[in-house]
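Descriptive analysis of the structure
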Amino acid sequence: MENDAKEKIGLLVTMKAKPGKEQAVRDFLLGGLSLVNQEPGTESWYAFQIDESTFGIFDTFSKEEGRKAHLSGEVAKALLANADDLLVDFNVNTSIQPADLIATKLSKGKEHMGLLVILTAKEGKASDVERFLLGGKALVNDEPKTESWYAIQLNSNTYAIFDTFAEDEGRDAHLNGKVAAALVENASVILEGFNAEAIQMIDILASK
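Let me begin by describing the structure that accompanies this report. (Residues numbered from 1 in each chain as written. Predicted model: local features only at pLDDT ≥ 70, side-chain atom pairs only at ≥ 80, totals over all residues. Heavy atoms only, no water.)

1. A few points about the packing of helix 1 (residues 22-36) against helix 3 (residues 74-86)
- Relative orientation of the contacting elements helix 1 and helix 3 amounts to 170°, with a least axis distance of 10 Å. The angle between the axes of helix 1 and helix 3 places the two elements in the roughly antiparallel class. The segment helix 1 lies against helix 3, with Ala-24, Val-25, Phe-28, Gly-32, Leu-35 and Val-36 engaging Glu-74, Val-75, Ala-78, Leu-79, Asn-82 and Leu-86.
- Residue classes in the contact of helix 1 with helix 3 are distributed as nine nonpolar, two polar and one charged. (Axes fitted to C-alpha atoms, helices over the stretch in contact; angles between N-to-C directions. Helix = DSSP H or I, 4+ residues; strand = E, 2+ residues; numbered from the N terminus. Parallel < 35°, antiparallel > 145°, perpendicular 65-115°, else oblique. Contact = heavy atoms within 4.5 Å. Nonpolar A, V, L, I, M, F, W, Y, C, P; charged D, E, K, R; others polar.)

Spelled out as structure tokens, the structure:
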């Protein structure tokens, strides 16, 4: 792994709101920004919405101490305290996924939307997926409207891409750009069961 950025590790959290609790979950995430802004060890923090009832958090850290501090901090405490009331089957062990950052592009701007892509490597192809993601950084660096881009590893064969944009024009350009074309070209060889549904369009609710 050759990530030379300050941000080395992260967390990807997904959650599903109970029926009728969607706005309450959204409000909770919006309120989390003021708390996470008080965490010096949390380098970046994104609260996002995938669909009407599915939400998430992606955050990054330079050191394990920062991640541990966040997991024992006020946002995490509030999430766990409200999970039974607001969320469907929220499980700390499966809903909160540690992540290693493989490659990143950081150019913070007005981030309003993004993409979350989950990638499962075929047996024996994990190293190929990692090389693909490392190569993607050079391509995405040529995309001025891609505000941030994170290639991450969730476990031994599961990877993800999380990226953000200021407007539809930037997201559309990325989806029609070289990284997306390379992903489609290589998917059948290195990825298990990849299809268009794996590319999830998200709204960024709040970010640090």
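2. A look at the side chain of Ser-148
- Following the sequence through the fold, Ser-148 ends up in strand 6 (residues 146-153).
- Here the side chain of Ser-148 touches Tyr-46 through a polar contact of 3.3 Å, side chain to side chain.
- Reaching out from Ser-148, the side chain makes a polar contact with the side chain of Glu-111 at a distance of 3.1 Å.
- Apart from the residues within four sequence positions on either side, Ser-148 is in contact with Tyr-46, Lys-105, Glu-111, Phe-162, Asp-163 and Thr-164. (Polar contact = N/O pair within 3.5 Å; in protein donor to acceptor, adjacent residues only side chain to side chain.)

3. A word on the environment of Thr-42
- With respect to the secondary-structure elements, Thr-42 resides in strand 2 (residues 42-49).
- The spatial distance from the C-alpha of Thr-42 to the C-alpha of Val-75 is 12 Å, given a sequence separation of 33 residues.
- Ignoring sequence-local partners within four residues, the contact set of Thr-42 consists of Val-36, Asp-59, Thr-60, Phe-61, His-70 and Lys-208.

4. Structural notes on the pattern of salt bridges
- A full pass over the atoms with the stated rule returns seven salt bridges.
- A salt bridge links Lys-6 to Glu-43, with the nearest nitrogen and oxygen atoms 3.6 Å apart. Here Lys-6, found in the segment before strand 1 (9-16), pairs with Glu-43, found in strand 2; they are 37 residues apart in sequence, far enough to count as distant.
- Judged by its relative accessible area of 24%, Glu-43 falls in the partly exposed class. (Salt bridge = Lys/Arg side-chain N within 4 Å of Asp/Glu carboxyl O. Buried < 20%, exposed > 50% of the residue type's maximum accessible area, 1.4 Å probe, protein only.)

5. Things to note about the packing of helix 5 (residues 126-140) against helix 7 (residues 178-190)
- Relative orientation of the contacting elements helix 5 and helix 7 amounts to 170°, with a least axis distance of 10 Å. Classified by the angle their axes make, helix 5 and helix 7 are roughly antiparallel. Judged by residue contacts, Asp-128, Val-129, Phe-132, Gly-136, Leu-139 and Val-140 of helix 5 engage Lys-178, Val-179, Ala-182, Leu-183, Asn-186 and Ile-190 from helix 7.
- Class assignment for the residues of the contact of helix 5 with helix 7 results in eight nonpolar, two polar and two charged.

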